[in-house]
Amino acid sequence: MSDLLSSDIATYSRTEKRPASDPRQVALDLMSLLTGWFRIQQQLGTLSLPAALKFGDHAVDVLMAARKCW
């Protein structure tokens with residue numbers, strides 16, 4: 001999964017003024033955010049598809065806002 005994500009990040013960031021210097025790390029960061037959220041929600045018993053989709057959108061927004069760090 002990280003290979004697919006890092007490939008997509010590398011491909012789509014190439015057209016930007018500042019392409020991702022380490023797309024694999026960005027992919028791992030996203031996967032870590034999602035996995036951590038999932039595990040916490042699962043332990044709390046509050047895991048739901050709508051909440052997961054909302055968090056996934058938020059996680060991508062956070063990473064995109066930090067684009068200069070890529």
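Residues numbered from 1 in each chain as written. Predicted model: local features only at pLDDT ≥ 70, side-chain atom pairs only at ≥ 80, totals over all residues. Heavy atoms only, no water.

**Side note on the environment of Arg24**
Examined against the element boundaries, Arg24 turns out to sit in helix α2 (residues 23-44). Its relative accessible area of 40% is what places Arg24 among the partly exposed residues. Separated by 46 residues in the primary sequence, Arg24 and Trp70 place their C-alpha atoms 10.0 Å from one another. Each residue touching Arg24, except ones within four places of it in the same chain, is listed here: Ser2, Asp3 and Ser6. Polar contacts involving the side chain of Arg24 include one to the side chain of Asp3, which spans 3.2 Å. (Helix = DSSP H or I, 4+ residues; strand = E, 2+ residues; numbered from the N terminus. Buried < 20%, exposed > 50% of the residue type's maximum accessible area, 1.4 Å probe, protein only. Contact = heavy atoms within 4.5 Å. Polar contact = N/O pair within 3.5 Å; in protein donor to acceptor, adjacent residues only side chain to side chain.)

**Comments concerning the nonpolar core**
What tends to happen in soluble globular proteins is that the nonpolar side chains get buried as a cluster. Core analysis: the largest hydrophobic core is formed by 8 residues, namely Ile9, Ala20, Val26, Ala27, Leu30, Ala59, Leu63 and Trp70. When residues of this core are traced back to their parent elements, those giving at least two are α2 and α3 (49-65). Considering each element in turn, this core owes the most residues, 3 residues, to α2. Aside from chain neighbours lying at most four places away, what touches Leu30 is Leu5, Ala59, Val60 and Leu63. (Core = buried A, V, L, I, M, F, W, Y, C linked by side-chain atoms within 4.5 Å.)

**Structural notes on the pattern of salt bridges**
Using the criterion set out here, one finds 1 salt bridge in the structure. When the shortest N-O distance is used, the salt bridge between Asp3 and Arg24 registers 3.2 Å. Taken as a pair, Asp3 in helix α1 (residues 2-13) and Arg24 in helix α2 lie far apart in primary sequence, 21 residues in all. (Salt bridge = Lys/Arg side-chain N within 4 Å of Asp/Glu carboxyl O.)

**Things to note about α1**
A rise of 1.5 Å per residue sets the reference length of α1, with its 12 residues, at 16 Å; its end C-alpha atoms lie 16 Å apart and thus fit the reference within 8%. All of the buried residues along α1 are Ser2, Ser6, Ile9, Ala10 and Ser13. For α1, the arc enclosing every buried residue in end-on projection is 95°, short of the 170-degree limit, so these residues lie on one face. Of the residues in α1, the exposed ones pointing more than 90 degrees away from the buried face are Asp3, Leu4 and Tyr12. (Expected span 1.5 Å × (residues − 1). Arc of directions from axis to C-beta.)

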